[in-house]
Structure formats: structure tokens, C-alpha cells
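Descriptive analysis of the structure
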Amino acid sequence: MSLLLDTHVVLWWLTDDPTLAEDIKDRLDHEPDVYVSAATIWEVAIKQAIGKLPEPARLPERIQESGFRALPVSADHAIVAARLPLIHRDPFDRMLVAQAQLEELTLVTRDENCRQYEVDILPALTAPQPSPWLTVIVTLDEPLGPAPGPAPARQQA
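No experiment lies behind these values; they were computed from the predicted model shown.

So, the environment of Asp23
Summarising the element assignment, Asp23 is placed in helix H2 (residues 22-30). With 101 residues separating them along the chain, Asp23 and Ala124 place their C-alpha atoms 8.9 Å apart.

Description of the packing of helix H5 (residues 75-83) against helix H6 (residues 91-103)
One can describe the packing of H5 onto H6 by two numbers: an axis separation of 8 Å at closest approach and a directional angle of 120 degrees. Taken together, the axes of H5 and H6 lie oblique to each other. In the packing of H5 onto H6, the handedness of the crossing is right-handed. Across from Asp76, His77, Ala78, Val80, Ala81 and Ala82 in H5, the residues of H6 making contact are Arg94, Met95, Ala98, Gln99, Gln101, Leu102 and Glu103. Of the residues contributing to the contact of H5 with H6, the split by class is seven nonpolar, three polar and three charged.

Side note on the pattern of salt bridges
This structure, assessed with the given rule, holds five salt bridges. Asp16 is the salt-bridge partner of Lys25, the closest N and O atoms lying 3.4 Å from each other. Using a relative accessible area of 51% as the deciding quantity, one classes Asp16 as exposed. Look at the salt bridges and you will find they share partners, linking Asp16, Glu22 and Lys25 into a network.

Some words on the sheet that holds strand S5 (residues 121-123)
Reading across the sheet, the five strands line up as S3-S2-S1-S4-S5 and stay open at both edges, with parallel pairing between neighbours. Strands with a single pairing partner mark the edges of an open sheet, and in this sheet they are strand S3 (69-71) and S5. With direction set aside, neighbouring strand axes in the sheet form an average angle of 35 degrees. As paired strands, strand S1 (residues 3-5) and strand S4 (residues 106-109) are joined by three bridges and run parallel to one another. Looking across to S4, one finds that Leu3 is bridged to Thr106.

Some thoughts on the packing of helix H3 (residues 38-49) against H6
Two elements in contact, H3 and H6, have axes whose closest approach is 10 Å; the angle formed by their N-to-C orientations is 170 degrees. On the basis of their axis angle, the class for H3 and H6 is roughly antiparallel. Here H3 contributes Ala39, Thr40, Trp42, Glu43 and Ile46 to the contact with H6, which in turn contributes Phe92, Met95 and Leu96. Residue composition of the contact of H3 with H6, grouped by class: six nonpolar, one polar and one charged.

Some remarks on the confidence of the model for the protein chain
Looking at the protein chain, pLDDT values average 81 and 79% of them are 70 or higher. The least confident element of the protein chain, judged by mean pLDDT, is helix H7 (residues 132-138) at 51; the most confident is strand S2 (residues 34-37) at 97. When the criterion is pLDDT under 50, residues 138-150 qualifies, and its contacts beyond four places in sequence or with other chains add up to 22 contacts.

Definitions and limits used
Residues numbered from 1 in each chain as written. Predicted model: local features only at pLDDT ≥ 70, side-chain atom pairs only at ≥ 80, totals over all residues. Heavy atoms only, no water. Helix = DSSP H or I, 4+ residues; strand = E, 2+ residues; numbered from the N terminus. Axes fitted to C-alpha atoms, helices over the stretch in contact; angles between N-to-C directions. Parallel < 35°, antiparallel > 145°, perpendicular 65-115°, else oblique. Left-handed = near helix turned anticlockwise from the far one by under 90°. Contact = heavy atoms within 4.5 Å. Nonpolar A, V, L, I, M, F, W, Y, C, P; charged D, E, K, R; others polar. Salt bridge = Lys/Arg side-chain N within 4 Å of Asp/Glu carboxyl O. Buried < 20%, exposed > 50% of the residue type's maximum accessible area, 1.4 Å probe, protein only. Pairing = 2+ DSSP bridges. pLDDT = per-residue confidence, 0-100.

Laid out in C-alpha cells, this is it:
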């Protein structure tokens, strides 16, 4: 099963956040077919540019260099995302749902709104409390703490 990571899942993985379930962390470290959408990198870059996600520096590049497979945004993805029912108004999450549908990927997320679409979901959550990364991505109301250390190296199976 190929996976597509929601933005908060990528951030949890990069920071080794305990909110991400251990079995999911292990899969992300070893599974060769794990994708990160260009929409995720775009979302993070925008949020850093407007000061809503100040740390760590070069976060979009760190995601790009993480070892996950890149998933470009196509015209077909854009059409499907635009035609999704307005269950979820976040354009980045709508794009991820559309990409997961069209590419037959399983979306790894904790976002309950995404579950309302016809898309395979793999829950990423282990702890009952959301991490500060999810709060930043979803609400953009809380500042981040200090920058995490370097991104962990991915291991290929």
C-alpha cells in the first residue's frame, strides 16, 4: 500500500514527535512508496513566508530532502480537488484528498474532515493530545518552540 502524507504527519516525522504512532514511524522509515505532495511543500513554504511557521529554517527544503517520493500536482488533481464536496475548505487538504483518490494512495492523516471523503485513510495518531505541529498547520494560532535537530535519515528497505 502506497502512502501519501498529510503535512502534519511529515512535520511529526521530521521532529520525531511522539504524537505519530510508532508503527507509522517505522513504515515511513522503511516503506519505499511514501509520497509527499508538492502541495505540502507549498503549504509549508507559504506559512513560513507569512511568519506562521517560523522554525526551523529551510523547512520546505528539509521536507524535499527527506527521502520521500515527490508527488507533483497535475491538472487532473486540480480538477478533482475543485469538484470535491465542500466538506473541507482547506485547499491543501482538498488537494491531498484528490491526489490520494486519483493515484490510489492511502492518505496518512489525523484530520477528521478528510475521513468524510471517499479516500483510504491511515490514522497517524497515537497520543490523545495533538502536537504543536498540528495546531500550527490547522489553526496557525500557536508559535512553535525551538527548532528541532537535523531530520532523521530515511532507511530504504
